[in-house]
Amino acid sequence: MSILNFFRYISLRHIRFQKTQSIVVLLSICLGIATIVSITIVNRSVLYSYEDTFNKMLGRSSLQISGPETGFPENLVDKVLKVPGVEYAAPVIETQGILIGAKEHSIMILGVDVLQDNQIRDYSISGESADIPDPLLFLAKPGSILIPRSLAESEKIEIDQDVQIQTVYGIQKFRVRGLLNPEGPAKAVGGNIAVMDIFAAQMAFGKEARIDRIDIGLYRGTDIEEVQHHLEKTIPQGYKITTPAGRTKQVQKILSSMQSNIDLIGYISIIVGMYLIYNAVSITVVRRKKEIGILRALGATRSQIIKTFLGEHIIIATVASALGVALGILFAKAAVGAVGEIISSMYMRTSVSEIKIYWADIFSGFAAGILATLIASLIPAFSTANITPILAIRSVPYSEEKMLTARTVRMVSILLVFLSIVLLIFYKATKFFPVFHNKSIIFLSVTAILVGISLSTTDFLRWVLTFFQRFILPLFSGSPRLAGLNLQKNISRNAVAVAAVFYSIAIFVSSAGFMYSIKESILSYTDSVVRGDILVTSGHPLSVGSQNIPMPVELGKEIEKIPGVLSADPFRKTYIDYSGKRVVLLTVDVARRLEYSPFMFAQGTHDEMVKLLPHNDAAVVSEGFASHFNVVPGDTITLSTPQGPVPFHVVAIIVDYMSDVGSVLVDIDTYQRHWGDMLAETFSVRVKPGESINTVQEAIMKKFGANRKLFVLSGREFKEESRKLIDQTFIMHYAVNIISMIIACFGIIVALLASVLERTREIGILRSIGMLRSQVSRVVMLESVILGISGGVLGSLTGVLLGWISLDGFYRVDYGASIAYYIPYMYVIWAIIISAGLATLAGLYPAHRAAKTNIVEALNYE
Amino acid sequence: MIELKEVSKTYTQGIKNIPVLHNISISIKLGEFVSIMGPSGSGKSTLLNLIGGIDQPTSGEIFINSKPLHGIKDDELTLIRRKHVGYIFQFFNLLPILSAMENVGLPLLLEGIPLSKIKSKVETLLQKVGLEGRMEHRPEQLSGGEMQRVAIARSLITDPEVLLADEPTGNLDSRSSEEIFNMLKKLNAEGQTIIMVTHDSKAADCGTRLITIKDGFLASDKKLKEVRA
């Protein structure tokens with residue numbers, strides 16, 4: 001009960017009267033929580049969108065059989081139907097097309113067996129033909145499709161209207177026979193779907209006599225596991241038999257690798273926020289020491305005081321967390337579309353336009369805010385227990401009551417850095433400690449080094465101030481001297497502000513370091529691999545699946561007939577399942593391609609590759625593949641093909657960054673023989689010496705552009721596109737980095753405001769003896785810049801180191817050891833400029849407050 | 001009855017021990033008005049802080065109505081301060097964020113009693129100190145004398161057994177000081193036990209007994225009449 005009085009009469013008053021400090025703390029918690037909540041919501045929404053699409057696409061089927069991305073023979077359906085317990089087995093084509101209207105629109109093509117698919121999926125139409133029992137019957141006529149009503153409305157398409165769809169064989173006309181109501185598959189991928197007869201889909205999308213999936217329905221009461229077991233015996237190895245839940249798990253796996261880094265940065269922004277809260281509570285304790293003394297003298301117990309301090313910040317945290325959750329939802333709404341597009345272009349098609357909010361995420365975001373505040377407030381709040389009534393009443397000069405001595409902090413700092421080094425050694429010594437070669441160890445090492453170095457900010461600031469006094473101060477006269485002295489006076493508190501800047505800058509430089517390294521490595525890899533003068537694709541040249549519709553491999557021969565073309569080499573990229581993981585299967589005409597476009601070898605040679613790959617069951621694998629699956633040249637790997645498993649002899653290990661799980665490259669002849677796929681995504685065109693690239697580009701467009709949507713890019717344009725795509729991939733990292741920097745900025749504001757308030761009397765005295773307002777303001781600004789630059793320099797140095805560790809632990813493990821670490825010098829310079837700039841901004845308000853100090857009031861300030 | 005037996009206090013500054021009080025033994029009866037005088041640094045405020053349970057003796061024993069103030073847990077000592085002692089400070093020590101009324105009610109608010117229940121008592125006390133028109137004012141809106149009167153009202157809110165005043169007029173002009181002296185005398189006349197530290201002999205005259213401290217030792221302890229005789 002008494003604690004309620006405390007909140008009412010003490011805590012709430014302080015929150016009210018110290019608006020600026022309360023708002024700054026509130027904003028920092030709010031931003032930290034918003035970051036975490038938005039990341040969680042975006043992740044969930046993307047995942048939900050996949051799940052939702054799967055559920056709608058898979059209908060009532062209990063099991064699915066899928067094979068290579070290139071499709072598998074349709075006669076497998078008959079075998080499946082003979083398995084006991086299987087009631088029906090519906091073959092499905094699921095591929096991508098582009099609806100060509102006023103705007104190009106990527107759509108999913110669902111090819112189904114018109115006679116039996118209604119047993120699995122629900123289709124309904126309304127309007128004129130609503131009395132037709134099965135809308136799929138409309139598809140019996142050749143060239144017919146059904147599209148969702150929503151798509152028809154947005155594209156202004158009417159029933160019986162012809163629409164153009166980009167297929168493997170160019171732009172083809174299809175007639176819209178009906179508009180589907182928004183249920184079942186019509187709601188999948190945001191309604192961007194067209195349903196057609198499976199035969200028509202096979203013909204249009206280069207999958208003659210092949211299908212992508214079999215959806216299986218079971219007799220009631222049948223044991224799914226038993227059927228699964230029978231199916232495994234019936235169908236060739238290498239096929240996947242999954243339940244809907246199994247597919248969701250697969251997506252989770254794919255998304256997790258992309259999102260783990262963003263999550264890490266999000267949590268770092270919470271840690272930066274915690275530093276700020278710690279600092280704010282510490283400052284409050286110092287400022288209210290007299291008040292605490294009075295309350296203690298009047299009979300307030302230690303626990304009442306501790307609870308009050310914790311309670312005050314929990315009140316702020318409650319409001320801040322609620323606002324943070326709301327802001328997080330807004331951030332998520334703004335970001336979800338962009339993230340969905342990135343994931344669509346990088347991994348697989350999805351359409352995420354709406355966010356999916358779960359109460360559990362809201363609650364955990366809210367709780368994270370309260371918990372982070374509680375943890376950050378604990379030490380300073382408990383330090384109030386050391387304040388005795390006599391200390392306050394005797395007006396002893398303030399000294400911060402420390403639960404941790406400088407020596408203890410230094411020891412912990414050294415221990416944490418030492419721990420980080422030990423963990424790194426364990427991680428690197430793969431041969432001796434294979435169990436330690438995982439991302440968790442790197443995460444621990446990074447955290448230990450960050451916390452360890454952040455604890456050394458007091459010592460670092462002391463060195464900076466010594467440097468400042470020895471080498472910078474002699475260049476100035478008068479007031480700047482005060483800046484150094486003031487910072488020295490409350491060095492441990494100012495060090496916390498430095499630590500907040502340190503965290504933000506360290507993460508910024510570290511992210512920049514590994515992103516820059518990856519970008520440079522990929523670009524140098526692209527330079528080495530992409531040697532064609534022109535690249536021809538039917539979708540975005542760098543997209544994986546959603547926009548890129550393959551072309552018949554025969555098109556290459558047509559391109560070669562164009563005057564000026566020396567050669568047009570096909571390139572095919574598909575996904576296959578290897579040991580339960582989705583790896584990339586790359587296909588080129590090895591002999592022709594290697595004449596002008598050398599691969600980068602980690603193990604093996606160019607000659608071996610040319611000699612052993614063409615026409616043989618031989619492959620080269622990427623470094624990532626070799627490291628994930630422990631493969632070396634000379635080993636044999638078994639790849640799943642539509643005909644069943646085929647052993648491939650590994651000839652070499654190459655550098656390749658196409659997949660974080662790894663890639664396998666085989667000769668096109670071998671590929672076509674085993675996979676029966678006669679398509680290509682890209683043609684790498686070489687122009688005859690002396691011929692104009694532009695002229696050939698135009699000639700290709702002129703010849704094929706009318707019949708199909710083509711991207712005809714020069715090598716230079718392709719590399720420019722690569723650069724853009726990489727930048728786009730990292731855009732979320734930059735956004736989260738900026739938020740953590742803003743929070744660090746608040747840290748400086750809180751520290752400086754406290755410093756100004758504490759020095760009210762001192763400022764009054766200085767003003768009374770002739771110090772100008774501008775001089776007061778300059779001192780505070782200079783203090784702010786010193787704090788910012790200290791955090792910036794220490795953060796940049798640590799960031800360079802963290803970048804290297806992160807690259808090694810988070811990327812080299814997946815993509816291979818050949819990714820070189822490039823120190824991001826320009827980013828380091830920028831980081832220091834940004835930290836000084838942000839510190840200058842952060843110093844503006846405290847400087848303004850200091851400058852307008854009323855001399856008479858300040859002199860009477862107790 | 002307030003009793004001090006062989007009370008000593010030593011402060012530690014770094015590795016140096018600074019003795020402030022030496023073997024003080026005093027006994028104060030309820031209803032007395034004791035003035036404690038002595039030069040600056042003699043230890044008189046320390047003695048008052050020990051009696052009020054704000055500080056703990058290095059050795060010796062202190063009792064208020066047989067309740068020991070020495071060697072007890074901090075929370076127990078805090079509750080004694082809250083319920084049995086009223087304190088008036090030289091610099092008032094009012095909380096700037098609270099109104100006069102809230103400052104006066106603060107010790108009871110600490111008890112968990114809502115302001116609505118103690119409002120009439122607070123109003124009565126503020127009327128008693130002549131501040132009935134200033135109840136909603138915050139300390140910054142009051143004069144020094146008014147602030148001290150609020151502090152007196154606050155010290156009385158728990159009906160303490162003893163009222164301790166540390167240089168209560170040390171920061172006031174002569175007119176305000178006079179008002180405060182009259183108020184304290186009136187309270188004593190109503191039966192309130194008061195112990196006041198002062199270096200002002202005029203202030204000391206308000207009391208009924210005068211204790212003098214010199215260099216941490218009890219120099220004299222006499223009825224004021226005897227001293228003035």
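Quick notes on the rules
Residues numbered from 1 in each chain as written. Chains lettered and ligands numbered in written order. Predicted model: local features only at pLDDT ≥ 70, side-chain atom pairs only at ≥ 80, totals over all residues. Heavy atoms only, no water. Helix = DSSP H or I, 4+ residues; strand = E, 2+ residues; numbered from the N terminus. Buried < 20%, exposed > 50% of the residue type's maximum accessible area, 1.4 Å probe, protein only. Contact = heavy atoms within 4.5 Å. Areas by Shrake-Rupley, 256 points an atom, 1.4 Å probe, with all protein chains shown as cover. Salt bridge = Lys/Arg side-chain N within 4 Å of Asp/Glu carboxyl O. Axes fitted to C-alpha atoms, helices over the stretch in contact; angles between N-to-C directions. Parallel < 35°, antiparallel > 145°, perpendicular 65-115°, else oblique. Left-handed = near helix turned anticlockwise from the far one by under 90°. Nonpolar A, V, L, I, M, F, W, Y, C, P; charged D, E, K, R; others polar. Phe/Tyr/Trp six-rings, centres within 6.5 Å; stacked < 30°, edge-to-face > 60°. Pairing = 2+ DSSP bridges. Core = buried A, V, L, I, M, F, W, Y, C linked by side-chain atoms within 4.5 Å. Domains from an automatic or database assignment. Buried area = accessible area lost by both parts, 1.4 Å probe. Polar contact = N/O pair within 3.5 Å; in protein donor to acceptor, adjacent residues only side chain to side chain.

A. Focus on the overall build of chain A. On a plain count of helices and strands, chain A comes out with 28 helices and 23 strands. When the 862 residues of chain A are sorted by exposure, 57% land in the buried category. Contacts in chain A between residues far apart in sequence, at least 24 positions, make up 81% of those at least 6 positions apart. Taken as a whole, chain A presents about 35,200 Å² of accessible surface, with 61% of it coming from carbon and sulfur.

B. Structural context of the pattern of salt bridges. Residues and elements named next belong to chain A. For the coordinates displayed, the defined rule picks out 36 salt bridges over all chains. Among the salt bridges present, the one from Asp 117 reaches Arg 121, with a minimum N-O distance of 2.8 Å. As far as the burial class goes, Asp 117 and Arg 121 line up, both buried. Of the charged contacts, one joins Asp 677 and Arg 572 as a salt bridge, the two residues approaching to 2.6 Å between their closest N and O atoms. One end of the pair, Asp 677, is in the loop between α21 (668-675) and β21 (679-680); the other, Arg 572, is in strand β14 (residues 565-578), with 105 residues separating them in the sequence. In terms of burial, Asp 677 and Arg 572 fall into one category: buried. Each of Glu 94, Asp 117, Arg 121, Arg 213 and Asp 215 takes part in a single network of salt bridges with overlapping partners.

C. Examining the packing of helix α16 (residues 491-529) of chain A against helix α27 (residues 825-851) of chain A more closely. Residues and elements named next belong to chain A. At a minimum axis distance of 10 Å, the contact between α16 and α27 shows a crossing angle of 155 degrees. Between α16 and α27, the interaxial angle falls into the category roughly antiparallel. Note that α16 runs across α27; the crossing there is right-handed. Where α16 abuts α27, its residues Val 501, Ile 505, Phe 508, Val 509, Ala 512 and Tyr 516 lie against Tyr 827, Val 828, Ala 831, Ile 834 and Ser 835. A breakdown of the residues in the contact of α16 with α27 according to their chemical character gives ten nonpolar, one polar and no charged.

D. Just the packing of aromatic side chains, in detail. Residue and element names in this part refer to chain A. One pass over the structure, following the stated rule, counts twelve aromatic pairs over all chains. Considering the side-chain rings of Phe 648 and Trp 675, the 6.1 Å spacing of their centres and the 35 degrees angle between planes classify their relative orientation as tilted. Residue Phe 648 is located in strand β19 (residues 644-654), and its partner Trp 675 is located in helix α21; the two are separated by 27 residues in the primary sequence. By relative accessible area, which is 0% here, Phe 648 ends up buried. The exposure class assigned to Trp 675 is buried, which follows from its relative accessible area of 1%. Where Tyr 671 meets Trp 675, the ring centres are 5.5 Å apart and the plane angle is 25 degrees; that geometry is what we call stacked. A residue pair is termed a helical-turn pair when its members lie 3 or 4 positions apart in one helix, as Tyr 671 and Trp 675 do in helix α21 at four residues.

E. Up close: the sheet that holds strand β4 (residues 59-64) of chain B. Residues and elements named next belong to chain B. Read across the open sheet, the four strands follow the order β2-β1-β4-β5; overall the sheet is antiparallel. A strand with exactly one partner marks an edge of an open sheet, and here the two such strands are β2 (16-28) and β5 (67-68). In terms of strand pairing, β4 meets β5 through two bridges, oriented antiparallel. Across the sheet, residue Ile 64 finds its bridge partner in β5, namely Lys 67. Helix α1 (residues 44-51) rests against β1 (2-13), β2 and β4 of the sheet, and its axis sits at about 120 degrees to β1.

F. The pairing of strand β22 (residues 682-687) of chain A, seen in detail. All names here are of chain A. Along β22, six of the six residues are buried, which leaves the element largely enclosed by surrounding structure. Taking every second residue as pointing to the same face, both faces of β22 are buried, with Thr 682, Ser 684 and Arg 686 on one and Phe 683, Val 685 and Val 687 on the other. Across four bridges, the pairing between strand β12 (residues 534-537) and β22 is antiparallel. When the sheet's bridge partners are listed, Thr 537 is paired in β22 with Thr 682. The pairing of β14 with β22 spans six bridges and is classified as antiparallel. For Asp 569, the partnering residue across the bridge sits in β22 and is Ser 684.

G. Broad picture of the nonpolar core. Within the largest apolar cluster, 146 residues are counted, with the highest numbers of intra-cluster contacts made by Leu 295 of chain A together with Leu 126 and Leu 184 of chain B. Broken down by element, the residue count for this core peaks at 17 residues, all from α16 of chain A. A domain split of this core shows at least three residues from each of domain 1 (1-62 + 243-403) and domain 3 (456-528 + 722-862) of chain A. Look past the residues within four positions of Leu 126 of chain B in its chain and what remains in contact with it is Ala 100, Met 101, Val 104, Leu 131, Glu 132, Met 135, Val 150 and Ala 153 of chain B. Counting residues in each nonpolar core, the second largest holds 43 residues, with Ala 89, Ile 98, Leu 179 and Val 227 of chain A among its members.

H. Main features of the sheet that holds strand β9 (residues 209-214) of chain B. Residues and elements named next belong to chain B. Taken together, six strands build an open sheet; the order of strands is β6-β7-β8-β3-β9-β10 and the sheet is mixed. This sheet does not close on itself; its edge strands, each paired only once, are β6 (85-88) and β10 (217-223). If you compare each strand with its neighbour and ignore which way they point, the axes differ by 15 degrees on average. Where strand β3 (residues 33-37) meets β9, four bridges bridge the pair, whose relative direction is parallel. Within β9, the residue paired with Val 34 across the bridge is Arg 209.

I. Highlighting the interface of chain A and chain B. Of the residues lining the interface, 25 residues belong to chain A; the matching set on chain B comes to 28 residues. Across the interface of chain A and chain B, roughly 2,500 Å² is buried in total on both sides, 62% from carbon and sulfur atoms. Counting the surface chain A buries against chain B, the share from its top three residues, Tyr 9, Leu 298 and Ile 390 of chain A, is 25%. Our enumeration of links across chain A and chain B arrives at two salt bridges. For Arg 302 of chain A, the salt bridge goes to Asp 74 of chain B, with nearest N and O atoms at 3.7 Å. The tally of links between chain A and chain B comes to six residue pairs in polar contact (both at pLDDT 80 or more).

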